[in-house]
Amino acid sequence: MIRLTLLLLCLALPAHAQEVVRAFGPENALTRLVLRTTTDVDILAPTVEEFLAAHPGLAIVYEQWGSNALYQRSSDECATGESGADIVISSAVHQMIRLVNDRCAASWQSSFSTGLPDTLRWRDEIWGVTREPAVMVYNRSLVPPDQVPRTRFDLLDLLRPEDSRYAGRIATYEISQSGLGYLFAYMDSQEATTFGALMEAFARSGAVATCCSAEIIDGVQRGDYLIAYNILGSYAVTEALRDPTLGIVAPRDYTLVLSRALIFPGSRVRPEAGAFLDFLLSPAGQLSLAANNLAISADNPAINTEADAPDSARRLIPLAPALLVAMDRATSERFLSDWRKTFAQ
(Lines give C-alpha, C1' and ligand atoms only; values in the text may rest on other atoms or scores of the structure.)
Protein backbone atom coordinates (compact mmCIF):
# COMPACT_ATOMS: atom_id res chain seq x y z
CA MET A 1 0.00 0.00 0.00
CA ILE A 2 1.35 3.37 -0.96
CA ARG A 3 1.27 5.86 1.88
CA LEU A 4 1.99 9.51 1.34
CA THR A 5 2.81 11.53 4.40
CA LEU A 6 2.47 15.26 4.81
CA LEU A 7 3.56 16.48 8.22
CA LEU A 8 2.59 20.04 9.07
CA LEU A 9 4.19 21.71 12.06
CA CYS A 10 1.49 22.61 14.57
CA LEU A 11 2.97 25.96 15.54
CA ALA A 12 3.06 27.09 11.94
CA LEU A 13 -0.66 26.64 11.48
CA PRO A 14 -3.60 28.87 12.30
CA ALA A 15 -5.73 27.92 15.30
CA HIS A 16 -8.41 26.16 13.26
CA ALA A 17 -6.14 24.14 10.93
CA GLN A 18 -5.26 20.48 11.13
CA GLU A 19 -2.01 19.54 12.85
CA VAL A 20 -1.11 16.58 10.63
CA VAL A 21 -2.35 15.32 7.26
CA ARG A 22 -1.52 11.85 6.01
CA ALA A 23 -2.90 9.98 3.00
CA PHE A 24 -3.49 6.22 3.23
CA GLY A 25 -4.18 3.95 0.29
CA PRO A 26 -3.31 3.97 -3.41
CA GLU A 27 -2.59 7.27 -5.10
CA ASN A 28 -4.96 6.36 -7.94
CA ALA A 29 -7.84 5.35 -5.66
CA LEU A 30 -11.27 5.92 -7.21
CA THR A 31 -12.86 6.67 -3.83
CA ARG A 32 -11.48 8.80 -1.00
CA LEU A 33 -12.76 9.41 2.49
CA VAL A 34 -11.74 12.32 4.69
CA LEU A 35 -11.28 11.31 8.32
CA ARG A 36 -10.85 14.10 10.88
CA THR A 37 -9.85 13.04 14.36
CA THR A 38 -8.09 14.07 17.55
CA THR A 39 -6.34 10.69 17.64
CA ASP A 40 -2.59 10.76 17.02
CA VAL A 41 -2.05 9.42 13.53
CA ASP A 42 0.61 6.88 14.58
CA ILE A 43 -1.81 5.25 17.02
CA LEU A 44 -4.76 4.84 14.67
CA ALA A 45 -2.74 4.30 11.46
CA PRO A 46 -2.41 0.48 11.79
CA THR A 47 -6.20 0.15 12.14
CA VAL A 48 -6.80 2.40 9.12
CA GLU A 49 -4.34 0.33 7.08
CA GLU A 50 -6.00 -2.92 8.16
CA PHE A 51 -9.39 -1.59 7.03
CA LEU A 52 -8.04 -0.42 3.68
CA ALA A 53 -6.36 -3.76 3.03
CA ALA A 54 -9.86 -5.24 2.78
CA HIS A 55 -11.12 -2.37 0.58
CA PRO A 56 -8.93 -2.09 -2.55
CA GLY A 57 -9.50 1.06 -4.53
CA LEU A 58 -10.34 3.09 -1.41
CA ALA A 59 -8.11 5.73 0.17
CA ILE A 60 -8.40 7.77 3.36
CA VAL A 61 -7.12 11.28 3.93
CA TYR A 62 -6.34 11.40 7.64
CA GLU A 63 -6.47 14.82 9.32
CA GLN A 64 -5.29 15.08 12.93
CA TRP A 65 -6.78 18.03 14.86
CA GLY A 66 -6.84 19.52 18.31
CA SER A 67 -10.20 18.87 19.93
CA ASN A 68 -11.38 22.48 20.24
CA ALA A 69 -10.36 23.32 16.68
CA LEU A 70 -12.04 20.19 15.35
CA TYR A 71 -15.27 21.02 17.15
CA GLN A 72 -15.26 24.60 15.88
CA ARG A 73 -14.56 23.53 12.30
CA SER A 74 -17.32 20.91 12.45
CA SER A 75 -19.78 23.37 13.93
CA ASP A 76 -18.95 26.06 11.36
CA GLU A 77 -19.38 23.64 8.47
CA CYS A 78 -22.66 22.40 9.92
CA ALA A 79 -23.96 25.98 9.93
CA THR A 80 -23.15 26.38 6.23
CA GLY A 81 -24.41 22.92 5.28
CA GLU A 82 -21.08 21.98 3.71
CA SER A 83 -18.97 19.32 5.39
CA GLY A 84 -15.35 18.74 4.42
CA ALA A 85 -15.16 15.44 6.29
CA ASP A 86 -16.86 12.07 5.89
CA ILE A 87 -15.98 10.84 9.40
CA VAL A 88 -15.16 12.69 12.61
CA ILE A 89 -13.72 10.95 15.69
CA SER A 90 -12.97 12.91 18.86
CA SER A 91 -11.97 12.25 22.45
CA ALA A 92 -13.88 15.40 23.52
CA VAL A 93 -17.14 13.49 23.47
CA HIS A 94 -19.19 16.27 25.08
CA GLN A 95 -18.45 18.36 21.99
CA MET A 96 -19.57 15.50 19.76
CA ILE A 97 -22.82 15.16 21.69
CA ARG A 98 -23.41 18.87 21.10
CA LEU A 99 -22.88 18.41 17.34
CA VAL A 100 -25.42 15.59 17.29
CA ASN A 101 -27.88 17.66 19.32
CA ASP A 102 -27.43 20.52 16.83
CA ARG A 103 -28.37 18.18 13.95
CA CYS A 104 -24.88 18.13 12.51
CA ALA A 105 -24.65 14.34 12.11
CA ALA A 106 -26.23 11.73 9.86
CA SER A 107 -27.82 8.47 10.97
CA TRP A 108 -26.43 4.99 10.32
CA GLN A 109 -27.72 1.59 11.32
CA SER A 110 -26.06 -1.78 11.01
CA SER A 111 -25.82 -4.95 13.05
CA PHE A 112 -22.61 -3.61 14.59
CA SER A 113 -23.80 -0.09 15.36
CA THR A 114 -27.17 -1.07 16.82
CA GLY A 115 -25.50 -3.78 18.89
CA LEU A 116 -23.81 -1.22 21.14
CA PRO A 117 -25.30 -0.53 24.57
CA ASP A 118 -27.21 2.72 25.08
CA THR A 119 -24.25 4.21 26.96
CA LEU A 120 -22.18 4.04 23.76
CA ARG A 121 -24.65 5.29 21.15
CA TRP A 122 -27.31 7.96 20.89
CA ARG A 123 -29.99 8.48 18.21
CA ASP A 124 -28.03 6.19 15.86
CA GLU A 125 -25.88 9.26 15.13
CA ILE A 126 -22.95 8.85 17.53
CA TRP A 127 -21.02 5.78 18.63
CA GLY A 128 -18.24 4.99 21.10
CA VAL A 129 -15.44 3.06 19.41
CA THR A 130 -12.64 2.79 22.03
CA ARG A 131 -12.14 2.17 25.77
CA GLU A 132 -9.46 4.36 27.37
CA PRO A 133 -8.95 5.10 31.08
CA ALA A 134 -7.91 8.42 32.55
CA VAL A 135 -4.77 7.64 34.56
CA MET A 136 -2.02 9.15 36.66
CA VAL A 137 1.49 8.79 35.27
CA TYR A 138 4.72 9.17 37.22
CA ASN A 139 8.47 8.95 36.85
CA ARG A 140 9.59 5.62 38.34
CA SER A 141 13.13 6.91 38.84
CA LEU A 142 12.04 9.92 40.87
CA VAL A 143 8.90 8.81 42.76
CA PRO A 144 9.66 6.21 45.48
CA PRO A 145 7.39 3.13 45.36
CA ASP A 146 5.84 3.97 48.74
CA GLN A 147 4.86 7.44 47.42
CA VAL A 148 3.15 6.32 44.22
CA PRO A 149 -0.44 7.61 44.58
CA ARG A 150 -2.99 4.81 44.39
CA THR A 151 -5.97 7.15 44.80
CA ARG A 152 -6.79 10.85 44.66
CA PHE A 153 -6.58 10.86 48.44
CA ASP A 154 -2.98 9.69 48.16
CA LEU A 155 -2.25 12.52 45.74
CA LEU A 156 -3.71 14.99 48.21
CA ASP A 157 -1.47 13.57 50.94
CA LEU A 158 1.62 14.13 48.79
CA LEU A 159 0.69 17.79 48.31
CA ARG A 160 -0.36 18.50 51.90
CA PRO A 161 3.05 19.32 53.48
CA GLU A 162 4.18 22.93 53.00
CA ASP A 163 7.63 21.69 51.94
CA SER A 164 6.29 18.94 49.65
CA ARG A 165 8.83 17.85 47.05
CA TYR A 166 5.89 17.58 44.66
CA ALA A 167 5.13 21.31 44.78
CA GLY A 168 5.32 22.65 41.23
CA ARG A 169 5.98 19.12 39.92
CA ILE A 170 2.37 17.96 39.30
CA ALA A 171 0.91 18.48 35.81
CA THR A 172 -2.47 18.12 34.16
CA TYR A 173 -4.25 19.36 31.03
CA GLU A 174 -4.94 23.04 30.51
CA ILE A 175 -8.68 22.67 30.08
CA SER A 176 -9.18 25.89 28.16
CA GLN A 177 -6.96 24.45 25.40
CA SER A 178 -7.90 20.77 25.63
CA GLY A 179 -11.48 19.64 25.12
CA LEU A 180 -10.51 16.26 26.57
CA GLY A 181 -8.95 17.90 29.62
CA TYR A 182 -12.11 19.96 30.14
CA LEU A 183 -14.24 16.82 29.92
CA PHE A 184 -12.15 14.90 32.47
CA ALA A 185 -12.12 17.85 34.89
CA TYR A 186 -15.87 18.37 34.50
CA MET A 187 -16.59 14.67 35.10
CA ASP A 188 -14.34 14.83 38.18
CA SER A 189 -16.39 17.72 39.50
CA GLN A 190 -19.54 15.61 39.16
CA GLU A 191 -18.05 12.38 40.49
CA ALA A 192 -15.49 13.15 43.13
CA THR A 193 -15.85 14.40 46.66
CA THR A 194 -12.13 15.10 46.31
CA PHE A 195 -12.47 17.59 43.44
CA GLY A 196 -12.62 20.75 45.55
CA ALA A 197 -9.76 19.55 47.73
CA LEU A 198 -7.65 18.73 44.66
CA MET A 199 -8.24 22.19 43.20
CA GLU A 200 -7.20 23.77 46.49
CA ALA A 201 -4.11 21.56 46.69
CA PHE A 202 -3.17 22.28 43.07
CA ALA A 203 -3.47 26.02 43.73
CA ARG A 204 -1.45 25.90 46.94
CA SER A 205 1.30 23.68 45.55
CA GLY A 206 1.79 25.39 42.19
CA ALA A 207 0.60 22.56 39.98
CA VAL A 208 1.10 23.09 36.25
CA ALA A 209 -1.69 23.15 33.68
CA THR A 210 -0.36 22.70 30.17
CA CYS A 211 -1.31 21.43 26.74
CA CYS A 212 -1.42 18.04 25.24
CA SER A 213 -0.87 14.44 26.27
CA ALA A 214 2.46 14.07 24.50
CA GLU A 215 3.88 17.24 26.06
CA ILE A 216 2.84 16.26 29.57
CA ILE A 217 4.08 12.68 29.29
CA ASP A 218 7.38 13.90 27.89
CA GLY A 219 7.69 16.29 30.85
CA VAL A 220 7.24 13.37 33.27
CA GLN A 221 9.84 11.31 31.43
CA ARG A 222 12.36 14.18 31.58
CA GLY A 223 11.66 14.74 35.28
CA ASP A 224 10.20 18.23 34.84
CA TYR A 225 7.05 16.81 36.44
CA LEU A 226 7.02 13.94 38.91
CA ILE A 227 3.35 13.03 38.48
CA ALA A 228 0.69 13.91 35.90
CA TYR A 229 -3.02 13.68 36.66
CA ASN A 230 -5.95 12.66 34.41
CA ILE A 231 -3.88 11.67 31.40
CA LEU A 232 -5.45 9.62 28.63
CA GLY A 233 -4.32 6.04 29.13
CA SER A 234 -3.87 5.11 25.46
CA TYR A 235 -1.06 7.62 24.97
CA ALA A 236 0.49 6.80 28.34
CA VAL A 237 0.52 3.05 27.70
CA THR A 238 1.98 3.47 24.22
CA GLU A 239 4.88 5.48 25.65
CA ALA A 240 5.34 3.29 28.75
CA LEU A 241 5.84 0.23 26.58
CA ARG A 242 8.82 2.06 25.05
CA ASP A 243 10.12 3.67 28.24
CA PRO A 244 10.13 1.66 31.50
CA THR A 245 10.74 4.80 33.58
CA LEU A 246 7.13 5.84 32.94
CA GLY A 247 4.72 4.40 35.50
CA ILE A 248 0.93 4.34 35.16
CA VAL A 249 -1.77 4.11 37.81
CA ALA A 250 -5.50 3.67 37.31
CA PRO A 251 -6.84 5.28 40.53
CA ARG A 252 -8.52 2.84 42.89
CA ASP A 253 -11.14 5.29 44.18
CA TYR A 254 -12.54 5.57 40.65
CA THR A 255 -11.17 5.63 37.12
CA LEU A 256 -12.92 7.52 34.35
CA VAL A 257 -13.14 5.52 31.12
CA LEU A 258 -13.52 7.35 27.82
CA SER A 259 -14.93 5.97 24.60
CA ARG A 260 -13.90 8.12 21.64
CA ALA A 261 -16.97 9.20 19.72
CA LEU A 262 -17.52 8.85 15.99
CA ILE A 263 -20.05 10.79 13.92
CA PHE A 264 -20.80 11.23 10.24
CA PRO A 265 -21.05 14.99 9.64
CA GLY A 266 -23.60 16.23 7.16
CA SER A 267 -26.93 14.87 6.00
CA ARG A 268 -25.94 11.46 4.64
CA VAL A 269 -23.44 8.68 5.25
CA ARG A 270 -21.27 7.45 2.42
CA PRO A 271 -21.36 3.62 2.35
CA GLU A 272 -17.57 3.43 2.62
CA ALA A 273 -17.66 5.61 5.74
CA GLY A 274 -20.33 3.41 7.28
CA ALA A 275 -18.17 0.38 6.48
CA PHE A 276 -15.30 2.01 8.41
CA LEU A 277 -17.48 2.39 11.53
CA ASP A 278 -18.66 -1.20 11.19
CA PHE A 279 -15.06 -2.37 10.97
CA LEU A 280 -14.10 -0.45 14.11
CA LEU A 281 -16.99 -2.06 16.00
CA SER A 282 -16.37 -5.55 14.62
CA PRO A 283 -14.29 -8.13 16.52
CA ALA A 284 -11.42 -7.63 14.07
CA GLY A 285 -11.55 -3.86 14.45
CA GLN A 286 -11.69 -4.03 18.23
CA LEU A 287 -8.69 -6.37 18.26
CA SER A 288 -6.81 -3.92 16.06
CA LEU A 289 -7.69 -0.99 18.34
CA ALA A 290 -6.68 -3.01 21.40
CA ALA A 291 -3.35 -3.89 19.81
CA ASN A 292 -2.68 -0.16 19.48
CA ASN A 293 -3.79 0.64 23.05
CA LEU A 294 -7.16 2.15 22.13
CA ALA A 295 -9.09 -0.56 23.94
CA ILE A 296 -7.13 -1.05 27.15
CA SER A 297 -7.92 -3.94 29.45
CA ALA A 298 -7.15 -4.12 33.16
CA ASP A 299 -4.35 -6.63 32.61
CA ASN A 300 -2.35 -4.40 30.26
CA PRO A 301 1.29 -4.95 31.31
CA ALA A 302 2.08 -1.22 31.23
CA ILE A 303 -0.43 -0.36 33.98
CA ASN A 304 0.57 -0.73 37.62
CA THR A 305 -1.52 -3.80 38.41
CA GLU A 306 -1.14 -3.40 42.17
CA ALA A 307 -2.71 0.04 41.92
CA ASP A 308 -5.11 -0.70 39.09
CA ALA A 309 -8.74 0.18 39.72
CA PRO A 310 -11.10 -2.76 40.25
CA ASP A 311 -13.98 -3.14 37.80
CA SER A 312 -16.38 -1.62 40.33
CA ALA A 313 -14.33 1.58 40.34
CA ARG A 314 -14.51 2.14 36.60
CA ARG A 315 -16.77 4.99 35.51
CA LEU A 316 -17.61 4.95 31.81
CA ILE A 317 -18.40 8.42 30.44
CA PRO A 318 -21.71 7.74 28.67
CA LEU A 319 -22.55 9.19 25.27
CA ALA A 320 -25.75 10.78 26.46
CA PRO A 321 -27.58 14.13 26.47
CA ALA A 322 -26.45 14.73 30.05
CA LEU A 323 -23.09 15.79 28.61
CA LEU A 324 -24.78 18.81 27.05
CA VAL A 325 -24.62 20.45 30.48
CA ALA A 326 -20.82 20.54 30.12
CA MET A 327 -21.29 22.56 26.91
CA ASP A 328 -23.71 25.06 28.43
CA ARG A 329 -22.13 28.49 28.07
CA ALA A 330 -22.81 29.68 31.61
CA THR A 331 -21.62 26.39 33.06
CA SER A 332 -18.41 26.29 31.00
CA GLU A 333 -17.57 29.95 31.64
CA ARG A 334 -18.00 29.49 35.38
CA PHE A 335 -16.00 26.26 35.37
CA LEU A 336 -13.17 27.76 33.32
CA SER A 337 -13.10 30.88 35.53
CA ASP A 338 -12.68 28.75 38.66
CA TRP A 339 -9.99 26.71 36.92
CA ARG A 340 -8.02 29.80 35.89
CA LYS A 341 -8.17 31.14 39.43
CA THR A 342 -6.74 27.84 40.69
CA PHE A 343 -3.75 27.84 38.36
CA ALA A 344 -3.20 31.60 38.46
CA GLN A 345 -2.09 31.10 42.05
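None of these values were measured; they are calculated from a predicted model.

**Things to note about unusual backbone geometry**
Okay, so step 1: With a phi angle near 65°, asparagine 230 is a residue other than glycine that sits in the positive phi range.
Okay, so step 2: Within the fold, asparagine 230 resides in strand E11 (residues 227-232).
Okay, so step 3: With relative accessibility at 4%, the residue asparagine 230 sits in the buried group.
Okay, so step 4: In this model, asparagine 293 sits at a positive phi of 70°, which is unusual for a non-glycine residue.
Okay, so step 5: Take asparagine 293: it is sitting in the loop between helix H10 (283-291) and strand E15 (314-316).
Okay, so step 6: The buried category is assigned to asparagine 293, whose relative accessible area is 8%.

**Thoughts on the side chain of aspartate 86**
Okay, so step 1: You can see aspartate 86 is positioned in the loop between helix H2 (67-80) and strand E5 (87-90).
Okay, so step 2: Look at aspartate 86 and you get buried, because its relative accessible area is 18%.
Okay, so step 3: Looking at aspartate 86, its side chain comes within polar contact range of the main-chain nitrogen of valine 34, at 2.8 Å.
Okay, so step 4: In terms of polar contacts, aspartate 86 uses its side chain to reach the side chain of arginine 270, at 3.4 Å.
Okay, so step 5: When residues no more than four places from it in sequence are discounted, the contact partners of aspartate 86 are Arg32, Leu33, Val34, Ile263, Phe264, Pro265, Arg270 and Ala273.

**Let's talk about the pairing of strand E8 (residues 132-139)**
Okay, so step 1: The element E8 is largely enclosed, with a buried count of eight among its eight residues.
Okay, so step 2: Of the two faces of E8, both are covered, the one formed by Glu132, Ala134, Met136 and Tyr138 as well as the one formed by Pro133, Val135, Val137 and Asn139.
Okay, so step 3: Bridge analysis of E8 against strand E13 (residues 255-258) gives two bridges, and the strand direction is antiparallel. By the bridge assignment, proline 133 is partnered in E13 with valine 257.

**A word on the state of the cysteines**
Okay, so step 1: This model, assessed by the stated rule, comprises two disulfides.
Okay, so step 2: Disulfide pairing is shown between cysteine 78 and cysteine 104; the S-S distance is 2.1 Å. In this structure the cystine formed by cysteine 78 and cysteine 104 twists about its S-S bond by roughly -85°; its chirality is therefore left-handed. Residue cysteine 78 is located in helix H2, and its partner cysteine 104 is located in the loop between helix H3 (93-101) and strand E6 (121-122); the two are separated by 26 residues in the primary sequence.

**Regarding the packing of aromatic side chains**
Okay, so step 1: Applying the stated criterion to the full structure yields twelve aromatic pairs.
Okay, so step 2: Geometrically, the ring pair formed by phenylalanine 202 and tyrosine 229 is edge-to-face, given 6.0 Å between the ring centres and 65° between the ring planes. Residue phenylalanine 202 is located in helix H6 (residues 195-205), and its partner tyrosine 229 is located in strand E11; the two are separated by 27 residues in the primary sequence. The burial state of phenylalanine 202 is the same as that of tyrosine 229; both residues are buried.
Okay, so step 3: Put simply, the rings of Tyr182, Tyr186, Phe195 and Phe335 touch in pairs and so form one group of aromatic residues.
Okay, so step 4: The aromatic ring of tyrosine 254 is capped on one face by arginine 152, whose charged end is 3.6 Å from the ring centroid.
Okay, so step 5: Cation over ring: arginine 165 sits above tyrosine 166, and NZ or CZ is 5.1 Å from the ring centre.

**Regarding the environment of isoleucine 263**
Okay, so step 1: By the element assignment, isoleucine 263 lies in strand E14 (residues 261-263).
Okay, so step 2: Note: C-alpha distance between isoleucine 263 and valine 88 (175 residues apart in sequence) is 5.4 Å.
Okay, so step 3: Setting aside residues up to four positions removed in sequence, isoleucine 263 forms contacts with Asp86, Ile87, Val88, Met96, Leu99, Val100, Ala105, Glu125, Ile126 and Trp127.

**Examining the pattern of salt bridges**
Okay, so step 1: One pass over the structure, following the stated rule, counts 17 salt bridges.
Okay, so step 2: A salt bridge links glutamate 191 to arginine 315; its shortest N-O distance comes to 2.9 Å. In this pair, glutamate 191 sits in helix H5 (residues 179-191) while arginine 315 sits in strand E15, placing the two residues 124 residues apart along the sequence.
Okay, so step 3: By relative accessible area, arginine 315 is classed as partly exposed at 28%.
Okay, so step 4: With a shortest N-O distance of 2.3 Å, aspartate 224 and arginine 222 are connected by a salt bridge.
Okay, so step 5: Since its relative accessible area comes to 37%, aspartate 224 is described here as partly exposed.
Okay, so step 6: Taken together, the shared-partner salt bridges connect Arg36, Glu63, Arg73 and Glu77 into one network.

How each quantity is defined
Residues numbered from 1 in each chain as written. Predicted model: local features only at pLDDT ≥ 70, side-chain atom pairs only at ≥ 80, totals over all residues. Heavy atoms only, no water. Helix = DSSP H or I, 4+ residues; strand = E, 2+ residues; numbered from the N terminus. Buried < 20%, exposed > 50% of the residue type's maximum accessible area, 1.4 Å probe, protein only. Polar contact = N/O pair within 3.5 Å; in protein donor to acceptor, adjacent residues only side chain to side chain. Contact = heavy atoms within 4.5 Å. Pairing = 2+ DSSP bridges. Disulfide = S-S within 2.5 Å. Phe/Tyr/Trp six-rings, centres within 6.5 Å; stacked < 30°, edge-to-face > 60°. Lys NZ or Arg CZ within 6 Å of the ring centre and 35° of its normal. Salt bridge = Lys/Arg side-chain N within 4 Å of Asp/Glu carboxyl O.

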